[in-house]
Amino acid sequence: MDSTDLAEVRRTLWAAADQLRANSTLAPNEYRGPVLGLIFLAYAEHRFEQVRPELEAKASARRPVTPDDYRARSVLFIPQEARLSHLVNLPERENLGSAVDAAMRLVETHNTELKDVLPKAYQRLEKSTLIELLRLFAPLPRNLSGDAFGLIYEDFLSNFAKAEGRLGGEFFTPHSIVRLIVEIIEPFHGRVFDPACGSGGMFVQCAKFVERHAGSATKELSVYGQEQKEVTVPLAKMNLALHGLSGDIRLGNSYYDDLHNSVGAFDFVMANPPFNVNGVDKDKLTGDPRFLFGLPKPDTANYLWIQLFHAALGDGGRAGFVMANSAGDAGHSEREIRRQLIESKTVDVMVAIGTNFFYTVTLPVTLWFLDKGKRSTEREDTVLFIDARHLYRQIDRAHRDFLPEHIELLANIVRLYRDEDVETVAGSGTLLKERFPDGTYLDVPGLCKVAALAEIKAQGWSLNPGRYTGTTAAEDDGEDFTEKLAVIHDEFTRLSAEAEDLRTKVDAAVQAILDV
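Right, let's walk through the structure included here. (Residues numbered from 1 in each chain as written. Predicted model: local features only at pLDDT ≥ 70, side-chain atom pairs only at ≥ 80, totals over all residues. Heavy atoms only, no water.)

On a plain count of helices and strands, the protein chain comes out with 20 helices and eleven strands. Over its C-alpha atoms the protein chain spans a radius of gyration of 25 Å, differing by no more than 12% from the 24 Å that the globule rule assigns to 516 residues. Expressed along its principal axes, the backbone C-alpha trace of the protein chain runs to roughly 95 × 60 × 45 Å. Taken across its 516 residues, the protein chain has 51% of its residues classed as buried. (Helix = DSSP H or I, 4+ residues; strand = E, 2+ residues; numbered from the N terminus. Rg over C-alpha atoms; globule rule 2.2 N^0.38 Å. Buried < 20%, exposed > 50% of the residue type's maximum accessible area, 1.4 Å probe, protein only.)

Here the focus is a nonpolar patch on the surface. The grouping of Leu502, Val506, Val510 and Leu514 at the surface amounts to a nonpolar patch, some 380 Å² of accessible area in total. Examined against the element boundaries, Val510 turns out to sit in helix α20 (residues 481–515). In this structure Val510 comes out as partly exposed when scored by relative accessible area, which is 42%. (Patch = residues over 30% accessible without salt bridge, like charges linked within 9 Å, V, L, I, M, F, W, Y side chains within 5 Å. Areas by Shrake-Rupley, 256 points an atom, 1.4 Å probe, with all protein chains shown as cover. Salt bridge = Lys/Arg side-chain N within 4 Å of Asp/Glu carboxyl O.)

Attention shifts here to the pattern of salt bridges. All chains considered together, the criterion is met by 37 salt bridges. Put simply, Asp18 and Arg21 hold a salt bridge, and the shortest N to O gap is 3.6 Å. Residue Asp18 and its partner Arg21 are located together in helix α1 (residues 3–22), separated by three residues, close to a single helical turn. Overall, the relative accessible area of 28% leaves Asp18 in the partly exposed class. Between Asp116 and Lys115 there is a salt bridge whose closest N-O contact spans 3.1 Å.

Running from N to C, helix α5 (residues 96–110) and helix α6 (residues 127–137) point in directions that differ by 50°, and their axes come no closer than 9 Å. Overall, the two elements α5 and α6 adopt an arrangement that is oblique. Taking contact as the criterion, the partners of Leu96, Gly97 and Val100 in α5 are, on α6, Lys127, Leu130, Ile131 and Leu134. Of the residues that constitute the contact of α5 with α6, the class distribution is five nonpolar, one polar and one charged. (Axes fitted to C-alpha atoms, helices over the stretch in contact; angles between N-to-C directions. Parallel < 35°, antiparallel > 145°, perpendicular 65-115°, else oblique. Contact = heavy atoms within 4.5 Å. Nonpolar A, V, L, I, M, F, W, Y, C, P; charged D, E, K, R; others polar.)

Two numbers describe a pair of packed helices, the interaxial angle and the distance between the axes. For the pair helix α2 (residues 28–58) and helix α12 (residues 233–242), interaxial distance at closest approach is 10 Å and the crossing angle is 25°. The pairing of α2 with α12 is recorded here as roughly parallel in orientation. Between α2 and α12 the crossing geometry is left-handed. Residues Arg32, Leu36, Gly37, Ile39, Phe40 and Tyr43 of α2 form the contact with α12, whose participating residues are Leu235, Met238, Ala241 and Leu242. Of the residues assigned to the contact of α2 with α12, the class counts are eight nonpolar, one polar and one charged. (Left-handed = near helix turned anticlockwise from the far one by under 90°.)

Turning our eyes to something else, we now look at the environment of Val88. Along the chain, Val88 falls in the loop between α4 (84–87) and α5. Since its relative accessible area comes to 28%, Val88 is described here as partly exposed. Put simply, Val88 and Arg418 are 330 residues apart on the chain and 55 Å apart in space, counted from C-alpha to C-alpha.

Turning next to the pairing of strand β6 (residues 347–353). In terms of residue burial, β6 counts as a mostly covered element, since seven of its seven residues are buried. Relative to strand β7 (residues 365–371), β6 runs antiparallel, the two sharing six bridges. Note on β7: the bridge partner recorded for Ala352 is Thr366. Bridge analysis of β6 against strand β8 (residues 382–387) gives four bridges, and the strand direction is parallel. When the bridges of β8 are listed, Val349 appears paired with Leu384. (Pairing = 2+ DSSP bridges.)

Here we come to the packing of aromatic side chains. Within the structure shown, the criterion is met by 22 aromatic pairs. With a centroid separation of 5.9 Å and 25° between ring planes, the pair formed by Phe321 and Trp368 is classed as stacked. With a gap of 47 residues between them, Phe321 in strand β5 (residues 313–324) and Trp368 in strand β7 connect regions that are remote in the sequence. Phe321 gets classed as buried once you look at its relative accessible area, which sits at 0%. When its relative accessible area of 0% is taken as the criterion, Trp368 is described as buried. In this structure an aromatic cluster arises from ring pairing among Tyr255, Tyr256, Tyr303, Trp305, Phe309, Phe321 and Trp368. (Phe/Tyr/Trp six-rings, centres within 6.5 Å; stacked < 30°, edge-to-face > 60°.)

Quick look at the structure:
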């Protein structure tokens with residue numbers, strides 16, 4: 001099947017499945033699990049049928065085929081009663097929901113690594129809806145290639161996330177953001193960690209990066225994840241399996257539980273953690289080696305996450321993660337943590353992202369990139385700031401993303417800064433030539449600026465890209481009002497924090513005079 005036909009199949013599948021949901025009594029988050037489970041079952045049956053003829057041809061009466069034979073080929077064993085081709089042909093008098101639930105349990109029984117992973121809520125679906133879903137997905141194992149199932153699963157995750165809004169953002173990070181992070185940290189080989197892994201999209205994009213560079217993800221990458229939401233862990237495990245990856249995904253609260261003994265253990269860290277979380281019990285964190293630079297006093301977890309990511313990196317390791325804009329300018333104890341982080345010479349690149357890229361928040365965000373391998377290089381006393389707020393494709397009124405050439409351009413700016421070879425396979429050649437005509441890095445007003453640590457210190461240890469890149473008049477004229485408002489709000493928050501700090505000092509000085 002060529003790419004045009006596959007694109008049409010992907011659109012048709014979602015449209016049909018979404019129409020069925022619209023005519024059911026289920027909310028998107030209730031419908032998500034059963035539908036993703038059927039996509040997974042279709043993929044598992046496809047892989048099973050690929051190797052079955054070969055294995056059965058080698059079998060004999062004395063040595064029949066066993067589930068272990070399939071496992072040896074990295075294929076799940078799918079019993080007859082669990083195959084979509086069987087389920088779709090059951091008589092109408094059968095309790096179909098019960099039969100699908102039983103099929104999922106049967107797959108788990110024969111494949112212990114899937115224990116308690118597959119959804120089993122099919123009896124909640126109206127029978128007519130379930131019949132149509134089975135008819136929709138049952139032909140897929142015979143008609144699609146293995147890679148197509150992963151793409152379809154990603155499509156459905158993305159579309160469910162859009163439909164669920166804020167809740168969707170808890171398990172899904174938009175592809176273009178993840179792709180940009182991956183292109184900048186360049187995970188060619190090693191151990192990859194995501195302590196807020198959601199549905200595992202960071203791992204999938206790492207695998208695709210390796211494959212785009214003619215490598216084998218299964219040979220080059222080991223993936224480790226931790227996720228607080230119990231209902232989300234199965235999404236990640238199914239996502240990895242659909243992309244031919246095996247990983248160690250564990251259920252746990254990353255603030256308190258370091259289930260992977262992460263300090264210094266990983267080559268790459270990627271994450272999109274929840275922003276501005278409050279209520280973390282910091283008494284439980286006292287003495288934890290992951291918080292090397294101290295515990296922040298404000299009731300927000302942003303600088304807990306930042307330190308978690310930093311601590312997990314081994315020598316030479318790189319991290320890329322999403323963070324609230326406010327973290328770049330936060331004052332008081334958070335500024336002190338940021339100062340120590342900057343002076344450790346591991347902050348490498350900061351990228352400002354515009355509004356409406358995420359389903360959870362409309363405000364702009366910042367991508368942070370750490371690199372413990374930059375020490376003792378020409379970059380050790382500098383940080384690259386990129387303002388990408390004016391690069392985007394408008395998908396609809398409420399959503400934006402990056403085009404492939406945008407992602408490649410931004411990654412190429414970093415490559416030029418690191419003195420690496422650029423890539424132009426995604427079509428960024430013209431954009432790159434316009435901004436860097438000599439093929440070497442230079443500061444471009446409104447886009448990128450390399451700042452020395454002394455300059456960052458003079459800016460109050462700010463890591464806000466806009467403070468360094470500047471904004472040209474032409475760009476400012478075209479700026480979105482909501483983006484301007486968000487930037488103004490960030491500045492107001494920073495000034496308020498400084499005012500509170502000054503007030504505390506004044507109050508202390510006045511009190512000292514009065515006490516004399």
